[in-house]
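Summary of the model geometry
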Amino acid sequence: VETISVLKDASATAVFGAKGANGVILVTTKVGQKGRPKMNLTVNYGLDTPQELASIIDAGTTAEMMNVAYMNDASFGSVMSQKTVNAYKYGTDPIRYPNNNWYDLMLKDFAHSLNANYSLRGGTDRVKYYVSVGYNNEGSLVKRLTSWRQATFSFQKINYRANLDFDITKYTKLSLKIGGSTGISTRPGTTSDGGTSVGSLFTQMYMASPMMYPA
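Note that the structure is a prediction, hence the values are computed from the model and not measured.

Turning next to the overall build of the protein. When its secondary structure is counted, the protein shows 5 helices and 9 strands. Out of the 215 residues in the protein, the part that is buried amounts to 20%. By sequence separation, contacts in the protein at least 24 residues apart represent 64% of the contacts at least 6 residues apart. Within the structure as shown, the protein displays about 15,200 Å² of accessible surface, and the carbon and sulfur contribution to it stands at 56%.

Here we come to the pattern of salt bridges. Oppositely charged side chains can form a pair if their charged atoms are brought close together. Considering all chains together, one arrives at 4 salt bridges under this definition. Residue K89 pairs with E64 through a salt bridge whose shortest N-O separation is 3.3 Å. Separated by 25 residues along the polypeptide, K89 in helix α3 (residues 82-90) and E64 in helix α2 (residues 59-72) bring together distant segments of the chain. On the basis of relative accessibility, which here comes to 41%, the residue K89 falls in the partly exposed class. Close ionic contact of D93 with R96 constitutes a salt bridge, the shortest N to O distance being 4.0 Å. What makes D93 partly exposed here is its relative accessible area of 23%.

Moving on: the sheet that holds strand β3 (residues 35-48). The strands making up a sheet are joined through hydrogen bonds of the backbone, oriented either antiparallel or parallel. Taking strand neighbours across the sheet as the criterion, the 5 strands line up as β3-β4-β5-β6-β7 in an open arrangement whose pairing is antiparallel. The open sheet terminates on both sides in strands that have one partner only, identified here as β3 and β7 (173-186). Across the sheet, the mean angle from the axis of one strand to that of its neighbour is 5°, orientation sign disregarded. Summarising the sheet, strand β4 (residues 111-123) and strand β5 (residues 127-138) pair through 11 bridges and their orientation is antiparallel. For N117, the partnering residue across the bridge sits in β5 and is G134.

This part takes up the environment of G122. Along the chain, G122 falls in strand β4. For the pair formed by G122 and G35, sequence separation is 87 residues and the distance between their alpha carbons is 5.3 Å. Apart from residues no more than four positions distant in its own chain, G122 is found in contact with G32, Q33, G35, R36, P37, K128 and Y129.

As a further point, take the side chain of S113. On the secondary structure map, S113 appears in strand β4. Judged by relative accessible area, which is 16%, S113 ranks as buried. If near-sequence neighbours (up to four positions away) are discounted, S113 is found in contact with N44, Y45, G46, L47, D48, N137 and E138.

Attention now goes to the packing of aromatic side chains. Applying the stated criterion across every chain yields a total of 1 aromatic pair. A ring pair is formed by Y88 and Y97, whose centres lie 5.1 Å apart and whose planes are at 80°; its orientation type is edge-to-face. No difference in accessibility class separates Y88 from Y97, as the two residues are buried.

Once that is clear, we can look at the packing of α2 against α3. Two elements in contact, α2 and α3, have axes whose closest approach is 6 Å; the angle formed by their N-to-C orientations is 150°. It follows from the interaxial angle that α2 and α3 lie roughly antiparallel. Residue-level inspection shows A59, G60, A63, E64 and N67 of α2 in contact with α3, the latter providing V85, Y88 and K89. Along the lines of polarity and charge, the residues of the contact of α2 with α3 split into 4 nonpolar, 2 polar and 2 charged.

What counts and how
Residues numbered from 1 in each chain as written. Predicted model: local features only at pLDDT ≥ 70, side-chain atom pairs only at ≥ 80, totals over all residues. Heavy atoms only, no water. Helix = DSSP H or I, 4+ residues; strand = E, 2+ residues; numbered from the N terminus. Buried < 20%, exposed > 50% of the residue type's maximum accessible area, 1.4 Å probe, protein only. Contact = heavy atoms within 4.5 Å. Areas by Shrake-Rupley, 256 points an atom, 1.4 Å probe, with all protein chains shown as cover. Salt bridge = Lys/Arg side-chain N within 4 Å of Asp/Glu carboxyl O. Pairing = 2+ DSSP bridges. Axes fitted to C-alpha atoms, helices over the stretch in contact; angles between N-to-C directions. Phe/Tyr/Trp six-rings, centres within 6.5 Å; stacked < 30°, edge-to-face > 60°. Parallel < 35°, antiparallel > 145°, perpendicular 65-115°, else oblique. Nonpolar A, V, L, I, M, F, W, Y, C, P; charged D, E, K, R; others polar.

Structure follows, in structure tokens:
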């Protein structure tokens, strides 16, 4: 972007008519300039980390709360013994009585992000040019698990622009402007089981019992 201008009132309606009654924002992209070719390259690298995650309840507390619920429902046959509750609570037998933190199992500590832009600018008395290419890559905070389909997030985008100006004659000028972008996005999708929506991956991590085994 070269400049950003704001037109309002009569100046906007004079150029754009009724469509400019509420004001107009003009964005002008960079164009070529007479002179030797000038190249510019910028690269930004960063790390993304989770900011706010919901608190979870450990397996021992879950087992104790389940026993209270069973007794309130008079389902005394489902009440777990104190030995079983202690096994969940103290992790004495993690194979039979797991205590899983699904956020730790599913999420990374951080994800990589990369943004790079390259531009070339120059021109002569007859031809002026400006060409730019940008690349953006956002990594995933979600670990890639082979037993989960599309259980990760990633985003890649390439944008490009070419502005060419030709001075054909003293009174004739031809401008050619080409621009666009293309991207690939992968995100944890919503699945269904028997026609019932399971919900997003983060919802499943939040709702999954710490007493469950990983699939």
